[in-house]
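Reading the structure
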Amino acid sequence: MAQNDNGTTLKLVSWNVNGVRAVLKKDFEQTFAALDADIFAIQETKCQEGQVTLELPGYYQTWNYAERKGYSGTAVFSRMEPLQVVRQIGSPVADDEGRVCALEFDRFWFVNVYTPNAQNELKRIDVRLAWDAAYREFLAGLAREKPVVTCGDFNVAHNEIDLKNPGPNRGNAGFSDEERASFTELLGSGLTDTFRLLHPTDEGAYSWWSYRFRAREKNAGWRIDYFLVSDELAGNVQEATIMSDIFGSDHCPVGLTINL
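Residues numbered from 1 in each chain as written. Predicted model: local features only at pLDDT ≥ 70, side-chain atom pairs only at ≥ 80, totals over all residues. Heavy atoms only, no water.

Time to look at helix α3 (residues 125-143). Compared with the 27 Å implied by 1.5 Å per residue over 19 residues, the 27 Å span of α3 between its first and last C-alpha is a close match. Restricting attention to buried positions, one finds in α3 the residues Ile125, Arg128, Trp131, Asp132, Ala134, Tyr135, Arg136, Phe138, Leu139 and Leu142. If you follow the buried residues of α3, they end up packed against β6 (84-86), β7 (100-104), β8 (109-114), β9 (148-153), α5 (177-188) and β10 (191-193). (Helix = DSSP H or I, 4+ residues; strand = E, 2+ residues; numbered from the N terminus. Expected span 1.5 Å × (residues − 1). Buried < 20%, exposed > 50% of the residue type's maximum accessible area, 1.4 Å probe, protein only. Contact = heavy atoms within 4.5 Å.)

What follows deals with the pattern of salt bridges. With the rule as written, the count across this model stands at 14 salt bridges. Salt-bridge contacts for Lys46 lead to Glu44; the nearest nitrogen and oxygen are separated by 3.7 Å. Of the residues examined, Glu44 reaches a relative accessible area of 13% and is grouped as buried. A salt bridge links Arg128 to Glu179; the shortest N-O distance between them is 2.9 Å. Here Glu179 lies in helix α5 and Arg128 lies in helix α3, a separation of 51 residues in the sequence. The two residues Arg128 and Glu179 agree in class, both being buried. What you see here is one network of salt bridges that share partners, running through Asp162, Asp193, Arg196 and Arg223. (Salt bridge = Lys/Arg side-chain N within 4 Å of Asp/Glu carboxyl O.)

This paragraph deals with the sheet that holds β8. Sheet architecture is open: 6 strands sit in the order β6-β7-β8-β9-β13-β10, paired in mixed fashion. Edge positions in the sheet fall to β6 and β10, since each has one partner strand and no second. Shown here is a sheet whose adjacent strand axes are inclined to one another by a mean of 20°, direction ignored. Sheet topology places β9 next to strand β13 (residues 225-230); 5 bridges connect them, and they run antiparallel. When the bridges of β13 are listed, Gly152 appears paired with Tyr226. Sheet strands touched by α3: β6, β7, β8, β9 and β10. Its angle to β8, the strand with the most contacts, is close to 170°. (Pairing = 2+ DSSP bridges. Axes fitted to C-alpha atoms, helices over the stretch in contact; angles between N-to-C directions.)

Right, let's talk about the packing of α3 against α5 for a bit. Following both chains from N to C, one finds α3 and α5 inclined at 0°, their axes separated by 10 Å at the closest point. In terms of orientation, α3 and α5 fall into the roughly parallel class. Here α3 contributes Ile125, Arg128, Leu129, Asp132, Arg136 and Leu139 to the contact with α5, which in turn contributes Glu178, Glu179, Ser182, Glu185 and Leu186. For the contact of α3 with α5, the class distribution of residues is 4 nonpolar, 1 polar and 6 charged. (Parallel < 35°, antiparallel > 145°, perpendicular 65-115°, else oblique. Nonpolar A, V, L, I, M, F, W, Y, C, P; charged D, E, K, R; others polar.)

Turning to the environment of Gly204, a few remarks are in order. Among the secondary structure elements, Gly204 is positioned in the loop between α6 (194-198) and β11 (208-209). Taking the C-alpha atoms as reference points, Gly204 and Ile161, 43 residues apart in sequence, are found 7.8 Å from one another.

Before going further, it helps to examine the packing of aromatic side chains. Scanning all chains against the criterion turns up 16 aromatic pairs. Summarising the aromatic geometry, the rings of Phe32 and Phe77 are spaced 6.0 Å apart at their centres and angled 75° between planes, so their arrangement reads as edge-to-face. Residue Phe32 is found in helix α2 (residues 28-35), and its partner Phe77 is found in strand β5 (residues 74-78); the two are separated by 45 residues along the sequence. The burial state of Phe32 is the same as that of Phe77; both residues are buried. We note Arg68 situated over the ring of Tyr71; from NZ or CZ to the ring centre the distance is 4.0 Å. The side chain of Arg216 reaches across the aromatic face of Phe247, ending 4.0 Å from its centre. (Phe/Tyr/Trp six-rings, centres within 6.5 Å; stacked < 30°, edge-to-face > 60°. Lys NZ or Arg CZ within 6 Å of the ring centre and 35° of its normal.)

A separate point is the side chain of Asn259. Along the chain, the position of Asn259 falls in strand β15 (residues 254-259). Residue classification places Asn259 among the buried residues on the basis of a relative accessible area of 8%. In this structure the side chain of Asn259 is engaged in a polar contact, spanning 3.2 Å, whose partner is the side chain of Thr9. (Polar contact = N/O pair within 3.5 Å; in protein donor to acceptor, adjacent residues only side chain to side chain.)

Printed below as a string of structure tokens:
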């Protein structure tokens, strides 16, 4: 954290680790130390309480576990102690899947999310859209108190620039018209996509690659991991990054440096 006359400059990182026990075998702790984030959010932890012990000196650990074993789950590691933590959003669906860690700090809310996947042939699209609506409402409620920073795996490539092969994937989970429109609605509720704010025309900037077809080697990916901030914070964004050189998961970390 760097203090200045206008507040504190924070370095934030988000990473879908696709199983925290698996990523711990792939130099996670070294990566965590090297990134030196003030707040580090992870998704898809796939663990239950007591199954993982992380030694992260100087960080407060906030976990949310799914009731179903080996599934979903989120966590946040923060240098600052949260004033309060919220782990459910009042959604009629998926609220028992450990999908949110919302931490209140002095000047802002930090919300880590792992959005439900619509699944093959969109068989879970109703769950997904119900979740999206509840999440929008949840964030709007927080934003009435303080500005919001939300990050995580939103499981949608918003526009054609956000995936390598938009044509063949149109209508598939993660690039359906319904999910894209829902994400547009989320942004329209008063949130800014920080990466596109600073990099509006960058192509080939992806955060997830299938394990199949040597997709990562070919950079045939999708940008589905985001940092969004309340519109009033957009002018405070200093840097927005996608760390595609960091391995250990089918996702890579994404980052945000912001003055708060």
